[in-house]
Number of protein chains: 2
Amino acid sequence: MPVVSAPPRVVVIGAGFGGLAAAKELAAVPVDVLLVDQRNYHTFQPLLYQVATAGLNAADVAYAVRGIFHHQPNVAFRQAKVTGADWSARRLLVDDGDPIPFEYLVVAAGATAAYFGIRGAAEHGLPLYTLADAAAVRNHVLSCFEAADRDPALVDDGALTFVIVGGGPTGVEVAGALAELFAKVLRKDFGRLEVSRAKVILVEMADQLLTPFSARSQRHALEALRARGVDVRLGEAVAEVTATTVCLRSGEVIPCRTLIWAAGVRANPVAEALGLEQAGAGRIVVGADLSVPGHHDVWAIGDVAASLGLDGRPLPQVAQVAIQGGKHAAHQIRRRLDGRSPAPFRYTDKGTMATIGRHAAVAELPGRIRLSGVLAWFAWLGLHVIMLMGFRNRLSVLLNWAWNYVTWDRGPRLIFRPEK
Amino acid sequence: MPVVSAPPRVVVIGAGFGGLAAAKELAAVPVDVLLVDQRNYHTFQPLLYQVATAGLNAADVAYAVRGIFHHQPNVAFRQAKVTGADWSARRLLVDDGDPIPFEYLVVAAGATAAYFGIRGAAEHGLPLYTLADAAAVRNHVLSCFEAADRDPALVDDGALTFVIVGGGPTGVEVAGALAELFAKVLRKDFGRLEVSRAKVILVEMADQLLTPFSARSQRHALEALRARGVDVRLGEAVAEVTATTVCLRSGEVIPCRTLIWAAGVRANPVAEALGLEQAGAGRIVVGADLSVPGHHDVWAIGDVAASLGLDGRPLPQVAQVAIQGGKHAAHQIRRRLDGRSPAPFRYTDKGTMATIGRHAAVAELPGRIRLSGVLAWFAWLGLHVIMLMGFRNRLSVLLNWAWNYVTWDRGPRLIFRPEK
């Protein structure tokens, strides 16, 4: 009788784009996969800004991890927060329950907001990286309007002034969506309030928005935001934040109750907890094949990893890098099992997009194809519909979008907080 | 030039079924309406049990109040919690902002869970009366499964034992929906856990479920629940609750981490804060016209009011009593403005329903029409579709239902808690 040994166990930390891609790609590999995440759902991060601006419900962009793998029997899930590793025993330490043994490990823990030591930013800034972050921004923005409706004098104190730091895609998207929310929806909700007094201020340190985009796209984004009434401050930075003000480096003090932080990210603290070597912004140092130096059976992918492009510069912290990295790590595990040598990771840039508002977006696709305006907006819509195809909530998302598009209304503007 | 005086101001406390009905009915009356609620959304309470059991998303049963009144210019909204009244100055005191003056007042503040002084019940019991309650139940139930998956030994300690107290419609609906959630969905989600060891226990003090229903409906509900594996304990009550046990009056101690409290309600504490005379369960004493004795211009309606039926007994705390009461209060205000005398409130029983699970429900309609099984289930579905017609989220609800029906899956099984 032949001895049947258990298949080797791959542990994947993080159920973001990278972790899901790795686990899915391991479907046909003779391994047991354990996906570990502190939340029981995947967050579709590119649409978090729509949750923050009441365009979508929180549940529209979150997908129960266990449901995603109903039809992939070699994937199990464990809800836990990774707190460290016992490398000699090949076990992960977690906040709740026994350590988790592994033979291969894929670290795909993502990123978190970076405040660069700016005073008050961590305390008063609202990041936009998790579902709870997005719900908190929505609750806060709508509560500011309720407060101003109660006491219009608060508007002079900045109750309706919303500062966004960071002119990358997230900052641009939030600024555009907030301006539309105010002008199209809240103007009707708050009939007795001068909603036109609400201000959206976008602060960007560089001299242009959307730094990695072409100059034409940058101009289009700037014009489209300004046309929507967004006050864009280029070559400007935040120096200090208090509960009631944002102080800019130029010395200007903006009375304001809301600072949305889209200025930068750093690697998830798991990178530190694991004790792996970190590069800039806490990202885990990886080799050309995405394996971690000194840890032969460990790969790091996506936002948490300092993977380098062919030009020797770190790859951007975007979904495509994580997805392709996750697939690559899965392929490396298969190669290892097959006794083949590792292969280097080659990132294929599939383009990048940002949407500013209804009928306004910029898209830069391979082959120097640059779209802007209505065409880019429909390209953005189409791409996200395709990306959502794999998920159950896509119909709900489409329904919300269709409703918002046709009626200029937004349904999900609830101030919902657990009360216990 | 004629002197134009401002229309009199009606303040409505509570944006539940009663408060909304009153405000809507005042559309054609020359008054200014201010609707006051501590939340900025209406909660469609009959479907809360579906949020608690992952059949619907929280946002599916919540509707922004301001959106409901976009097309009714005489209604304004104020998000605030009422903390008392200055009756001589005719002003309501609130937790946030200036007191609210009124000329007419409709108290429609609803109810809250009543624990009847049972030790540990308020501390450990999970009520099911607000959206946050429902989300908390869902988070808790799913977290119990995650814990048991992590450490199956916890099942012996009651990690998968779910006790529901109260065999009225809410208790019956939660018990049935939980049993289906476990058998049809979580069994697939937790492939390595013996989900069949999960227990749903429904405890009811009376000798039958659904006390106000006919004996035939009661029997049907009992059989349908038992067929789904629910352990129904009739003539039994909870004596004490701890973090890890539920002690029954019979002396039995059930190891258990979850007690869902559907055993009874009492009037919202606003009734007490307003200093109005209270009858049983804290309900505000009202006259035949629903006005409050000694307060000529104040009406109380729905769950918060002790309105009496023609038989002299208090009316049930259900949506129809609140809706009809709200309309009645609006009509009384109109009569007052027209110089007419008050009219008594006549409640029309439009029937009552409870759903036990897929294809299983009971319905008792006027004219002694009693439905059970598939027919009652479709009647329930049809009624709720009609009730939801007035709300924006109805398509999302239908979509979720259709998905659940066709796939036997449930999308919204997220453990989502704000993290900050």
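Residues numbered from 1 in each chain as written. Chains lettered and ligands numbered in written order. Predicted model: local features only at pLDDT ≥ 70, side-chain atom pairs only at ≥ 80, totals over all residues.

**A short note on the sheet that holds strand E22 (residues 352-357) of chain A**
Residues and elements named next belong to chain A. Operational definition: In this analysis, strands are considered paired if DSSP registers two or more bridges between them. Secondary structure counts use DSSP, requiring at least four H or I residues in a row for a helix and at least two E residues in a row for a strand, with both numbered from the N terminus. For helices, the fitted line uses only the C-alpha atoms of the stretch in contact; every axis is such a line through C-alpha atoms, and the angle between N-to-C directions lies from 0 to 180 degrees.
In space, the three strands of this open sheet follow the order E22-E23-E24, with antiparallel pairing throughout. Single-partner strands in this sheet number two, and they are E22 and strand E24 (369-372). Neighbouring strand axes in the sheet, compared pairwise and without regard to direction, differ in orientation by 5° on average. When strand E23 (residues 360-365) meets E24, the two strands line up antiparallel, connected through four bridges. Bridge assignment links Glu364 to a residue of E24, and that residue is Arg370.

**Side note on the domain arrangement of chain A**
Quoted interface sizes are often the accessible area lost when the parts come together. Residue and element names in this part refer to chain A. Condition: Residue ranges for the domains trace back to a domain assignment, done automatically or taken from a database. For the purpose of contact definition, each residue receives a C-beta atom placed from its backbone, and two residues are in contact when these atoms lie within 7 Å.
Along its sequence, chain A is organised into domain 1 (9-112 + 266-337) and domain 2 (115-263). Centre-to-centre separation of domain 1 and domain 2, based on C-alpha positions: 31 Å. Taken together, the contact pairs 15 residues of domain 1 with 15 residues of domain 2. When residues of the side of domain 1 that touches domain 2 are traced back to their parent elements, those giving at least two are helix H2 (48-52) and strand E10 (111-113). Here the side of domain 1 that touches domain 2 takes five residues from H2, the largest share from any one element.

**A few points about the pairing of E22(A)**
All names here are of chain A. As a reminder of what qualifies: With C-beta atoms placed from the backbone, a residue is buried if 20 or more other C-beta atoms are within 10 Å of its own, exposed if 12 or fewer are, and partly exposed between those counts.
With five of six residues buried, E22 lies mostly within the body of the structure. Where E22 lies against E23, five bridges are found, and the strand directions are antiparallel. Following the sheet pairing, Thr352 is matched in E23 by Glu364. Counting the residues between successive antiparallel strands, the hairpin from E22 to E23 contains two residues, one of them, His359, with a positive phi of roughly 65°.

**Some points on the environment of A:Phe182**
Residues and elements named next belong to chain A. Tracing the sequence through the fold places Phe182 in helix H6 (residues 169-189). Using a count of 25 C-beta atoms within 10 Å as the deciding quantity, one classes Phe182 as buried. Taking the C-alpha atoms as reference points, Phe182 and Pro255, 73 residues apart in sequence, are found 19 Å from one another. For Phe182, the contacting residues outside a window of four places in its chain are Arg187, Val195 and Ala198.

**Focus: the nonpolar core**
Put simply, the rule is: Only buried Ala, Val, Leu, Ile, Met, Phe, Trp, Tyr and Cys residues enter a nonpolar core, and they are joined through C-beta atoms within 7 Å.
Formed by 283 residues in total, the largest nonpolar core has its most connected members in A:Val12, A:Val106, A:Val107, A:Val304, B:Val12 and B:Val107. Aside from chain neighbours lying at most four places away, what touches A:Val107 is A:Ile13, A:Leu274, A:Ile284, A:Val298, A:Ala300 and A:Val304.

**Overview of the environment of B:Ala52**
Residue and element names in this part refer to chain B. As for its position among the elements, Ala52 is in helix H2 (residues 48-52). Overall, the presence of 28 C-beta atoms within 10 Å leaves Ala52 in the buried class. Residues Ala52 and Pro314, spaced 262 residues apart in sequence, show a C-alpha to C-alpha distance of 29 Å. Ignoring sequence-local partners within four residues, the contact set of Ala52 consists of Leu128, Ala134, Val137, Arg138 and Val174.

**Description of the pairing of strand E13 (residues 199-204) of chain A**
Residues and elements named next belong to chain A. The cut-off we apply is this: By convention a crossover is right-handed if, when the strands point away from the viewer, the path from the first strand over the helix to the second runs clockwise.
Taking burial as the measure, the six residues of E13 include five buried ones, the bulk of the element. Relative to E13, strand E12 (residues 161-165) runs parallel, the two sharing five bridges. Counted as the bridge partner of Ile164 is Leu202 from E13. Handedness of the crossover joining E12 and E13 through H6: right-handed.

**Focus on the packing of helix H1 (residues 17-25) of chain A against helix H9 (residues 319-337) of chain A**
All names here are of chain A. Basically, it comes down to this: Orientation labels follow simple angle bins: below 35 degrees gives roughly parallel, above 145 gives roughly antiparallel, 65 to 115 gives roughly perpendicular, and whatever is left gives oblique. Whether a crossing is left-handed or right-handed is set by the direction in which the near helix is turned from the far one by less than a right angle, anticlockwise for left-handed and clockwise for right-handed.
It is the contact of H1 with H9, at a shortest axis distance of 7 Å, that shows an interaxial angle of 30°. Comparing their axes, H9 and H1 come out roughly parallel. The hand of the H1/H9 crossing is right-handed. Along the contact surface, H1 presents Phe17, Gly18, Gly19, Ala21, Ala22 and Glu25, while H9 presents Ala319, Ala322, Ile323, Gly325, Gly326, Lys327, Ala329 and Ala330.

**Some thoughts on the sheet that holds strand E17 (residues 253-255) of chain A**
Residue and element names in this part refer to chain A. Here we have three strands laid out as an open sheet, ordered E15-E16-E17, and antiparallel in their pairing. Of all strands in the sheet, those bounded by a partner on one side alone are strand E15 (238-241) and E17. This sheet shows a mean twist of 25° between the axes of neighbouring strands, independent of strand direction. In this sheet, E17 lies alongside strand E16 (residues 245-248) in antiparallel orientation, the contact comprising three bridges. Within E17, the position partnered with Thr245 by the bridge is Pro255.

**Quick notes on helix H7 (residues 215-227) of chain B**
Residues and elements named next belong to chain B. For clarity, the threshold we go by: Multiplying 1.5 Å by the helix residue count minus one yields the expected span of that helix.
Look at H7: 18 Å from first C-alpha to last across 13 residues, which is about the 18 Å you get at 1.5 Å a residue. Listed in full, the buried residues belonging to H7 are Ser217, Gln218, His220, Ala221, Leu222, Ala224 and Leu225. Among the structural elements, helix H6 (169-189), strand E13 (199-204), strand E14 (231-234), strand E22 (352-357), strand E23 (360-365) and strand E24 (369-372) are those in contact with the buried residues of H7. Just downstream of H7 lies Gly229, where phi reads positive at about 90°.

**Describing helix H9 (residues 319-337) of chain B**
Residues and elements named next belong to chain B. The end-to-end C-alpha distance of H9, which contains 19 residues, comes to 27 Å, matching closely the 27 Å that a straight helix rising 1.5 Å per residue would cover. Val321, Ala322, Ile323, Gln324, Gly325, Gly326, His328, Ala329, Ala330, Gln332 and Ile333 are the residues of H9 that are buried. Next to the buried residues of H9 lie strand E1 (9-13), helix H1 (17-25), strand E9 (104-107), strand E20 (291-292) and strand E21 (295-300). A positive backbone phi angle near 75° is found at Gly339, which sits one or two residues after H9.

**A word on unusual backbone geometry**
Residues and elements named next belong to chain A. Although it is not a glycine, Arg90 adopts a positive phi angle of roughly 55°. Along the chain, the position of Arg90 falls in the loop between strand E6 (82-86) and strand E7 (91-94). Unusually for a residue other than glycine, Ala281 sits at a positive phi of about 60°. Mapped onto the elements, Ala281 comes out in the loop between helix H8 (270-273) and strand E20 (291-292). The class for Ala281 is partly exposed, based on 17 C-beta atoms found within 10 Å.

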